[in-house]
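Analysis of the macromolecular model
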Amino acid sequence: SQTIHQWPATLVQPVGSPLSLECTVEGTSNPNLYWYRQAAGRGLQLLFYSVGIGQISSEVPQNLSASRPQDRQFILSSKKLLLSDSGFYLCAWGWGPYEQYFGPGTRLTVT
Amino acid sequence: SQQGEEDPQALSIQEGENATMNCSYKTSINNLQWYRQNSGRGLVHLILIRSNEREKHSGRLRVTLDTSKKSSSLLITASRAADTASYFCATSLIYNQGGKLIFGQGTELSVKP
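The present account deals with the structure reproduced in this document.

Rules used in this analysis
- Positions within a chain are numbered from 1, following the residues in the order the chain's sequence is written.
- By the order in which they are written, chains take letters starting at A while ligands take numbers starting at 1.
- For a predicted model such as this one, the threshold for reporting local features is a pLDDT of at least 70, and the threshold for listing and counting side-chain atom pairs is 80 or more; totals across whole chains, interfaces and linings nevertheless cover every residue.
- In computing side-chain properties, one takes all heavy atoms of the structure into account and sets aside hydrogens as well as water.
- In this description, contact between two residues means that some pair of their heavy atoms is separated by no more than 4.5 Å.
- Once two parts are put together, the accessible area they lose, assessed with a 1.4 Å probe and summed over both, is termed the buried area.
- Salt bridge, as used here: a side-chain nitrogen of Lys or Arg that lies within 4 Å of a carboxyl oxygen of Asp or Glu.
- Nitrogen and oxygen atoms within 3.5 Å of one another constitute a polar contact, given that in protein one can donate a hydrogen and the other can accept it, and given that sequence-neighbouring residues count only through two side-chain atoms.
- The helix and strand labels rest on DSSP assignments: H or I over at least four residues marks a helix, E over at least two residues marks a strand, and numbering proceeds from the N terminus.
- Gly falls in the polar group here, along with every residue not listed as nonpolar (Ala, Val, Leu, Ile, Met, Phe, Trp, Tyr, Cys, Pro) or charged (Asp, Glu, Lys, Arg).
- Grid points spaced at 1 Å over the protein atoms alone were grouped into cavities, where a 1.4 Å probe fits but cannot get out, and pockets, open sets with protein on both sides within 12 Å along at least five of seven lines, with lining residues defined by an atom within 4 Å of a point.
- Grid points are joined across faces, edges and corners, and a volume is the space filled by probe spheres set on the points.
- Our working definition of a disulfide is a cysteine sulfur pair at a distance within 2.5 Å.
- For each residue, the accessible area found with a 1.4 Å probe, counting protein chains only, is set against the maximum for its type, and the residue is called buried under 20%, exposed over 50%, and partly exposed in between.
- The nonpolar core is taken to be a set of buried Ala, Val, Leu, Ile, Met, Phe, Trp, Tyr and Cys residues, with the residues joined through side-chain atoms within 4.5 Å.
- By definition, two strands form a pair when at least two bridges between them are found by DSSP.
- Interaxial angle, 0 to 180 degrees, is taken between N-to-C directions of lines fitted to C-alpha atoms, where a helix line uses only the stretch in contact.

Before going further, it helps to spend a moment on the interface of chain A and chain B. Contact with chain A, which involves 22 residues of that partner, is made by 23 residues of chain B. Approximately 1,700 Å² of surface area, both sides summed, lies buried where chain A meets chain B, with 53% of it carried by carbon and sulfur atoms. Close ionic contact of Glu59(A) with Lys100(B) constitutes a salt bridge, the shortest N to O distance being 3.4 Å. Where chain A touches chain B, the interface holds twelve residue pairs in polar contact (both at pLDDT 80 or more). When residues of the side of chain A that touches chain B are traced back to their parent elements, those giving at least two are strand E4 (32–38), strand E5 (44–52), strand E9 (87–94) and strand E10 (100–102) of chain A. The residue inventory of the side of chain A that touches chain B, partitioned by class, reads twelve nonpolar, six polar and four charged.

Dropping the structure here:
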């Protein structure tokens, strides 16, 4: 069966510090991968998606970036965090325009 | 504006009652999906309904889709305290690149024992 992991679960970082969030998927090959951000009490905002290794599409211009160095690894990064980067970050995988499977999320607080 | 708008934003009911949540969207879709999120957790896929389907059932869940009105509803029958969560609709657009989904703002359901 497929599983998706995210780490860390929680993170508190000062403004201006770098960020690296990692997501890995097990039990599947060549999935589409997604990074979402969820503000408190709100819906999900799609940040990036990837249909293959090295292929990244950005949905929202911002100071975040994403990379997919391996088929089942998706990384979200920032060189300098802003207060507005605080939120709940969710990674998901899927195939085609169908259901997506979500990881447990990372709660990021920028102080 | 959002592709998916959900109504109501919050719903509080007693255990055993039915809960109905609605979702409206603006652009033609390939399918519409419903997800559930417990507080502080990831989302869990509940049910997918294709654009050529009008109704779908899964256990205590019933989803309807009216493409002429661009709306969908999720009915949870005989609710339980464990159904307390946020529920989101998500649309997959026609000519979708990358399998992207557009999520609504969600309905927060509270089921009181």
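Put simply, the largest pocket is a space of about 480 Å³. Surrounding the largest pocket, 23 residues form its lining, Gly41(A), Arg42(A), Ser86(B), Phe88(B) and Glu108(B) being those nearest its centre. Going through the elements one at a time, strand E1 (4–7), strand E9 (85–93) and strand E11 (107–112) of chain B are the ones with two or more residues in the lining of the largest pocket. Along the lines of polarity and charge, the residues of the lining of the largest pocket split into five nonpolar, 13 polar and five charged. In terms of lining, the second largest pocket is formed by 21 residues, of which the most central are Leu44(A), Gln45(A), Leu46(A), Val60(A) and Ile102(B). Listing elements by their share of the lining of the second largest pocket, those giving two or more residues are E4 and E5 of chain A together with strand E10 (102–103) of chain B.

Moving on: the state of the cysteines. Disulfide: a covalent bond connecting the sulfur atoms of a pair of cysteines. Evaluated as defined, the whole model comprises two disulfides over all chains. The disulfide that involves Cys23(A) links it to Cys91(A), with 2.0 Å between the sulfurs. One quick way to see it: the torsion about the S-S bond of Cys23(A) and Cys91(A) is about -75 degrees, and its sign makes the bridge left-handed. Of this pair, Cys23(A) sits in strand E3 (residues 19–26) while Cys91(A) sits in strand E9, placing them 68 residues apart in sequence. We classify Cys91(A) as buried; its relative accessible area is 0%. Paired through a disulfide, Cys23(B) and Cys89(B) show a sulfur-sulfur distance of 2.0 Å.

Turning our eyes to something else, we now look at the nonpolar core. Met21(B), Leu32(B), Trp34(B), Leu74(B), Ile76(B), Tyr87(B) and Leu109(B) are the most contacted members of the largest nonpolar core, which totals 21 residues. For this core, the element with the most residues is strand E3 (residues 19–25) of chain B, which contributes four residues. Within the second largest apolar cluster, 20 residues are counted, among which are Cys23(A), Leu64(A), Phe74(A) and Tyr89(A).

Residue and element names in this part refer to chain A. The element E4 is largely enclosed, with a buried count of seven among its seven residues. In this sheet, E9 lies alongside E4 in antiparallel orientation, the contact comprising seven bridges. Bridge pairing in E9 places Gln38 opposite Phe88. Direction of pairing for E4 relative to E5: antiparallel, over a ladder of six bridges. Following the sheet pairing, Gln38 is matched in E5 by Leu44. Taking the residues that link successive antiparallel strands as the turn, the E4-E5 hairpin has five residues, and the phi of Gly41 there is positive, at about 70 degrees.

Residue and element names in this part refer to chain B. A sheet is described by the order of its strands in space; here five strands give the open sequence E1-E3-E8-E7-E6, paired in antiparallel fashion. In this open sheet, the two edge strands, each paired with only one partner strand, are E1 and strand E6 (55–58). With direction set aside, neighbouring strand axes in the sheet form an average angle of 15 degrees. The pairing of E6 with strand E7 (residues 61–66) spans four bridges and is antiparallel. When the bridges of E7 are listed, Glu55 appears paired with Thr64.

The analysis is restricted to geometry; functional conclusions fall outside its scope.
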